[in-house]
Amino acid sequence: MGLMAIDKRDLSAFIDGLIPQWEVVAPVPVEFKYAFRKVGSFQDVALDYTNTMLPPKKFLLPQRDELFSCNPEGGPSLTPRFDETPRVLFGVHSCDVHGIWLLDDILAEGCSDPHYLCRRSNTLIIGLDCKGPCHDNAFCKDMGTLKPAGGFDLFLTDLGERYAVQVGTGAGTALAERGGFYMADFEVREEFFAAWQKKQSGFPNRIGYDTAALPNILAESYDDIIWEALEMRCFDCGACTTVCPTCYCFDVLDENDIGTDRSIRYRRWDSCQLQDFAAVAGGANFRGKRSDRLRHRLLRKGKYFKEKFGRFACVGCGRCGRSCLLHIDVRDVFNQLKG
Amino acid sequence: MNHKYVSPYVPRLAELVTARQLTSREKFFEVRLQDGSALGHQPGQFVEVSVFGVGEAPISVSSSPTSQGLGFELCVRDAGSVTHALHELPEGSTIGIRGPYGRGFPLDELKGNDLLFVAGGLGLVPMRSMINYAVDNRADFGRLTLLYGSRTPADLLFADETERWRGTPDFHVATTVDLADGAWTGQVGPITKLFGGVAINPVRTSALVVGPPVMFRFVLKSLLMMGVYESRVYLSLERRMKCGVGKCGHCQIDDVYVCQKGPVFPYTRVRKLPEAL
Amino acid sequence: MTVRAGVFAFTSCEGCSLITLEVEDRLLEILGRVEFVNFREAIDDKSDDYDIAFIDGAITREHEVGELMKIRERAAILVAMGACAVQGGLYFLKEYHEPGETLAYVYGDKAGQFDTMPVRPVSQYVKVDHSLYGCPIDKREFVEVVTALLSGRRPNIPDYPVCNECRMSENICVFERGLACMGPVTRAGCGAICPSRHVGCFGCRGMVDKPALDQHRAVLTERGLTEEEITARYRMFNGHWGSAHEKP
Ligand SMILES: Cc1cc2nc3c(=O)[nH]c(=O)nc-3n(C[C@H](O)[C@H](O)[C@H](O)COP(=O)(O)OP(=O)(O)OC[C@H]3O[C@@H](n4cnc5c(N)ncnc54)[C@H](O)[C@@H]3O)c2cc1C
Ligand code: SF4
Ligand code: SF4
Ligand code: SF4
Ligand code: SF4
Ligand code: FES
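Residues numbered from 1 in each chain as written. Chains lettered and ligands numbered in written order. Predicted model: local features only at pLDDT ≥ 70, side-chain atom pairs only at ≥ 80, totals over all residues. Heavy atoms only, no water.

Some thoughts on the overall build of chain B
So, point 1. The number of helices and strands found in chain B is seven helices and 15 strands.
So, point 2. Here chain B has a C-alpha radius of gyration of 18 Å; the compact-globule value for 277 residues is 19 Å, and the two agree.
So, point 3. In terms of principal-axis extent, the alpha carbons of chain B reach across some 60 × 45 × 35 Å.
So, point 4. For chain B, the residues scored as buried account for 60% of the 277 residues in total.
So, point 5. In chain B, 69% of the contacts between residues at least 6 apart in sequence involve partners at least 24 apart.
So, point 6. Entry remark: accessible area of chain B is about 11100 Å², with carbon and sulfur atoms responsible for 51%.
So, point 7. In chain B, which carries 29 positive and 27 negative side-chain charges, the distance between the mean positions of the two groups comes to 6 Å. (Helix = DSSP H or I, 4+ residues; strand = E, 2+ residues; numbered from the N terminus. Rg over C-alpha atoms; globule rule 2.2 N^0.38 Å. Buried < 20%, exposed > 50% of the residue type's maximum accessible area, 1.4 Å probe, protein only. Contact = heavy atoms within 4.5 Å. Areas by Shrake-Rupley, 256 points an atom, 1.4 Å probe, with all protein chains shown as cover. Lys, Arg positive; Asp, Glu negative; His and termini not counted. Charge placed at Lys NZ, Arg CZ, Asp CG, Glu CD.)

Next comes the structure, spelled out in structure tokens:
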């Protein structure tokens, strides 16, 4: 869609103007790192932030997501739970926008997931361009996520005195009508283009080949000894999937209310890297080997989703590598597989 | 609250009409949806059964869609939290049902063929749905053969029904147990032992295999050695399942969601999936 | 349905027993469904008729073994409660000293009046149906076990490392603060409270069923810990485990 602009001095009024109506979530500093949190004012927002510890998916697929409650009286009666909180995710970097965009496809595909879709349809996403690689293991350029291609309502690029604003949806247009925004003139377009060129050249490639080859490389590596070698560095902790913007697997559990006999069925983040993920009653564990679990994750990241949705389930944010105590880094594995 | 969203995770309410102990570990249930509707399943499909406040477990539908009853039937082994709670429920209790889910046996492809049913242990539960379907549509199928293996004679499921099948025209039934007791006069040993005694016409036969994971390799080998076409072998595979609708990720075999594309797969499909067998 | 529960303290600080009383918001509800009998800290009249026994403390004396066995006979469900009952707890540190040495240190010339024997977890002597981990136990987990048992389901207690919860809480990993951590091999369920407060996990909840010990050792070594420091960390709460690498 179209390109607009907003002067920097007007941004704070715009964001503060959203707060009475929406729950505004944005990156805030946490010691020497950052996290997406609900903010009370534009002042709290860290505009120059390096990637947050957890991606913003936690506001679309919360760690604990109640599906329905069950009241045994009269039936029993089951009440589905939908979170309709109007929410704005502000300041989302392009890698994370890509992450959300992929979740949108995954959770809408086939039997769609209304708990996600309900939250998503009540959420506006305002992205913000990062200016340089946030970490030395980020490989967003290789994964093609340097600029957003979908999954955002507005997307801001810093042009010095103002932001260029890409408008992604009708809801984004409506947001921009709240004031402060104006149509991009020739000068803004020029600057925006220059900013993009500068961004592109400012990011190094960190995978030694064109990632278009990745699905094939992974297919050929199915029986590679690399998986067994990685086994020696993994604890089955699931940190890598927890911090990944495209991981969404979940477990489903019941919780009882002791006083009333009511119960709640909820889901919570699970991880294919945990030992019991594929274990069944009767003792079989279909992915009991750590190397099989690692391979499964990497194949999901670099092959399965690419084949199904045309996009990788890895946006190159590097979070998994930074969270793994023995440095199992998707980027390194992708590089090693090529040999 | 009236919602435009309908959650696939919220079950329909159903009544446990009857609950009957089948063996020391398995119980048989007749279930009826509270809204009176039929389940509308295919043989080989499963449902997610909820015991509220305990959890949910995937269970195969054991009755045939052709059966005359008002509801459908399940046969459940007491294997953990949910299945144990189900065993404890009195008749008349309300449970939750989601589904039917997955792909069952390919009825159209099977039509006109001889059917060889190979069931190990609990595998007879989903197979029973298909067997009764074939018996009820006897004219649609050629010769029927059931090979059924169980741990001990006391573990044999649906003994009365197995006898009834034996009495059906052109239906050959053979059973074996791993561990015999004094009264057992039949075969002893793994299910592959039964293959020697069956007369099938391999080029007309479709083989349907359901059983524990360890069984598949041996059975497949025997089937292919008998000359059954690879393309006419169907397997029902078990995996950990949570959501049943292709979202939670637990059931995957490589990139295939068993809850969506299975549990019944043609062998030709499974052969290309390294994680399958 | 109400169930009768007994709480029994052996060698421990009885802190875990007290936690069961501290579950303020849920306590009244629990008391409606659970009748506590034989509860040394909270009620006076004692009864030997109970369905669930919560055992607090390690077994360190001869007479405790007999009492424990009696409790096991009476209780349908036995729950080991807290690091002492589950792993021997801090008391297990005694096993790294010469027999009698600790006794003499604590009681001086009166040491002979006390009987003592090797510190062992409850599971060494009787079958344990469920465990409540931690030093002290986690209130929410106590409520979870009670509600699960009342509802006839298996209590939902994690068998994955603390790191998982730690990352979910968006903590800064204490290794990045130059500290060491037992989180990678320790059973989650506490919500990673120690790393949340900028200290490394001590491993009070014991290890996951299949801990990646070699990998953890590699992490600690890479971060500069010596053999002795690693061993000390393992001994603190996981000594009964054979300090992961050495038998006590
Ligand atoms: C498509 C399909 C069809 C099926 N059809 C049938 C059928 O017709 N009949 C039938 O009886 N079964 C069937 N099953 C198997 C059935 O789904 C399982 O037996 C059931 O899910 C077990 O659930 P549960 O809650 O009772 O057991 P769980 O409580 O989940 O436990 C299962 C076992 O694993 C152990 N376990 C699991 N998690 C833990 C943990 N965290 N801590 C400790 N122990 C643990 C338990 O001790 C127990 O032995 C089918 C499965 C599939 C996938
Ligand atoms: S973060 Fe590292 S150690 Fe943990 S599961 Fe992932 S790969 Fe394994
Ligand atoms: S796999 Fe790793 S680098 Fe890729 S998106 Fe997930 S966390 Fe980021
Ligand atoms: S602080 Fe400890 S528990 Fe948390 S991630 Fe680091 S090693 Fe794991
Ligand atoms: S972080 Fe470790 S030491 Fe702290 S409470 Fe949890 S398990 Fe215990
Ligand atoms: S059971 Fe959840 S994806 Fe198949």
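Having seen it, we continue.
Some details on the site of ligand 4
So, point 1. Lining the immediate environment of ligand 4, one finds A:Leu325, C:Val162, C:Cys163, C:Cys166, C:Arg167, C:Cys173, C:Val174, C:Phe175, C:Cys181, C:Gly183, C:Pro184 and C:Pro195.
So, point 2. More than one chain reaches ligand 4: the nearby residues come from chains A and C.
So, point 3. Among the elements that take part in the shell around ligand 4, helix H7 (residues 162-168) of chain C stands out by supplying four residues, more than any other.
So, point 4. Residue composition of the shell around ligand 4, by class: ten nonpolar, one polar and one charged. (Near = heavy atom within 4 Å. Nonpolar A, V, L, I, M, F, W, Y, C, P; charged D, E, K, R; others polar.)

Let's talk about the interface of chain C and chain A
As a measure of interface size, the accessible area lost when the parts come together is often cited.
So, point 1. Listed per partner, the contact involves 34 residues of chain C and 42 residues of chain A.
So, point 2. Carbon and sulfur atoms supply 53% of the area buried between chain C and chain A, which totals about 3100 Å² over both sides.
So, point 3. It is C:Arg167, C:Met168 and C:Glu170 in chain C that bury the most area against chain A; as a group they hold 24% of the surface buried on that side.
So, point 4. Scanning the region where chain C abuts chain A turns up four salt bridges.
So, point 5. Between A:Lys33 and C:Glu176 there is a salt bridge, with the nearest N and O atoms lying 2.8 Å from each other.
So, point 6. Counting across the chain C and chain A interface gives 16 residue pairs in polar contact (both at pLDDT 80 or more).
So, point 7. Secondary-structure elements contributing two or more residues to the side of chain C that touches chain A are helix H2 (24-33), helix H6 (139-151), H7 and helix H9 (213-222) of chain C.
So, point 8. Ranked by residue count, the leading element in the side of chain C that touches chain A is H9(C), at five residues.
So, point 9. Among the residues making up the side of chain C that touches chain A, the classes are represented as 14 nonpolar, eight polar and twelve charged. (Buried area = accessible area lost by both parts, 1.4 Å probe. Salt bridge = Lys/Arg side-chain N within 4 Å of Asp/Glu carboxyl O. Polar contact = N/O pair within 3.5 Å; in protein donor to acceptor, adjacent residues only side chain to side chain.)

Comments concerning the pairing of strand S1 (residues 3-7) of chain A
Residue and element names in this part refer to chain A.
So, point 1. Burial analysis of S1 places five of its five residues in the buried class, the great majority of the element.
So, point 2. Judged by which residues are buried, S1 turns out to be covered on both faces: Leu 3, Ala 5 and Asp 7 on one side and Met 4 and Ile 6 on the other are all buried.
So, point 3. Pairing geometry for S1 and strand S9 (residues 162-167), over five bridges, is antiparallel. Opposite Ile 6, over in S9, you have Tyr 163 as the bridge partner.
So, point 4. Alignment of S1 against strand S10 (residues 181-183), held across three bridges, turns out to be antiparallel. Residue pairing for S10: Ile 6 is matched across the bridge by Phe 181. (Pairing = 2+ DSSP bridges.)

Section: the interface of chain B and chain A
So, point 1. Contact with chain B, which involves 37 residues of that partner, is made by 48 residues of chain A.
So, point 2. A buried area of about 3500 Å², summed over both sides, lies between chain B and chain A, and 57% of it is on carbon and sulfur atoms.
So, point 3. It is B:Tyr5, B:Tyr9 and B:Lys247 in chain B that bury the most area against chain A; as a group they hold 21% of the surface buried on that side.
So, point 4. Remark: the boundary between chain B and chain A carries four salt bridges.
So, point 5. Of the charged contacts, one joins A:Arg265 and B:Glu56 as a salt bridge, the two residues approaching to 3.4 Å between their closest N and O atoms.
So, point 6. For the interface between chain B and chain A, the tally reads 28 residue pairs in polar contact (both at pLDDT 80 or more).
So, point 7. Secondary-structure elements contributing two or more residues to the side of chain B that touches chain A are strand S3 (46-51) and strand S4 (55-60) of chain B.
So, point 8. Considering only residue class, the side of chain B that touches chain A consists of 18 nonpolar, ten polar and nine charged.

What to know about the packing of aromatic side chains
So, point 1. A full pass over the atoms with the stated rule returns 16 aromatic pairs over all chains.
So, point 2. Seen from their ring centres, A:Phe152 and A:Phe155 are 5.9 Å apart, and the 65° between their planes marks the pair as edge-to-face. By the burial criterion, A:Phe152 is buried, and A:Phe155 matches it.
So, point 3. With a centroid separation of 6.1 Å and 80° between ring planes, the pair formed by B:Phe28 and B:Phe158 is classed as edge-to-face. Taken together, the residues span a long stretch of sequence, with B:Phe28 in strand S2 (residues 26-33) and B:Phe158 in the loop between strand S8 (144-150) and helix H4 (159-166) at a distance of 130 residues. Exposure class is identical for B:Phe28 and B:Phe158. Each is buried. (Phe/Tyr/Trp six-rings, centres within 6.5 Å; stacked < 30°, edge-to-face > 60°.)

Quick notes on the site of ligand 3
So, point 1. Residues in close proximity to ligand 3 include A:Phe139, A:Cys244, A:Pro245, A:Lys301, A:Cys314, A:Val315, A:Gly316, A:Cys317, A:Gly318, A:Arg319, A:Cys320 and A:Val330, which together make up its full environment.
So, point 2. In terms of residue class, the shell around ligand 3 is built from eight nonpolar, two polar and two charged.

Let's talk about the environment of A:Met53
So, point 1. Considering the arrangement of structural elements, one finds A:Met53 in the loop between strand S3 (33-38) and strand S4 (64-71).
So, point 2. The class of A:Met53 is buried, set by a relative accessible area of 13%.
So, point 3. Put simply, A:Met53 and A:Ile328 are 275 residues apart on the chain and 17 Å apart in space, counted from C-alpha to C-alpha.
So, point 4. In contact with A:Met53, other than residues within four places in its own chain, are A:Val30, A:Lys33, A:Tyr34, A:Ala35, A:Val243, A:Arg319, C:Glu170, C:Asn171 and C:Ile172.

Re the packing of helix H2 (residues 94-108) of chain A against helix H3 (residues 114-121) of chain A
Residues and elements named next belong to chain A.
So, point 1. Viewed as axis vectors pointing N to C, H2 and H3 meet at an angle of 140°, and their least axial separation amounts to 9 Å. In terms of orientation, H2 and H3 fall into the oblique class. H3 is crossed by H2, and the crossing has left-handed handedness. Taken together, the residues of H3 that come into contact with H2 (itself represented by Ile 100, Leu 103, Asp 104, Leu 107 and Ala 108) are Tyr 116, Leu 117 and Arg 120.
So, point 2. Split by residue class, the contact of H2 with H3 holds six nonpolar, no polar and two charged. (Axes fitted to C-alpha atoms, helices over the stretch in contact; angles between N-to-C directions. Parallel < 35°, antiparallel > 145°, perpendicular 65-115°, else oblique. Left-handed = near helix turned anticlockwise from the far one by under 90°.)

Details of the domain arrangement of chain B
Residue and element names in this part refer to chain B.
So, point 1. Partitioning chain B into structural domains gives domain 1 (12-101) and domain 2 (107-270).
So, point 2. Averaged C-alpha coordinates put domain 1 and domain 2 at centres separated by 21 Å.
So, point 3. Counting from both sides, the interface comprises 26 residues of domain 1 and, opposite them, 25 residues of domain 2.
So, point 4. On inspection of domain 1 and its partner domain 2, the count reaches one salt bridge.
So, point 5. In this structure, Arg 128 engages Glu 73 in a salt bridge whose closest nitrogen and oxygen atoms are separated by 2.7 Å.
So, point 6. Counting across the interface, domain 1 meets domain 2 through seven residue pairs in polar contact (both at pLDDT 80 or more).
So, point 7. Broken down by secondary-structure element, the contributors of at least two residues to the side of domain 1 that touches domain 2 are S2, S3, S4, strand S5 (72-77) and strand S6 (94-101).
So, point 8. Here the residues of the side of domain 1 that touches domain 2 are counted per class, giving nine nonpolar, ten polar and seven charged. (Domains from an automatic or database assignment.)

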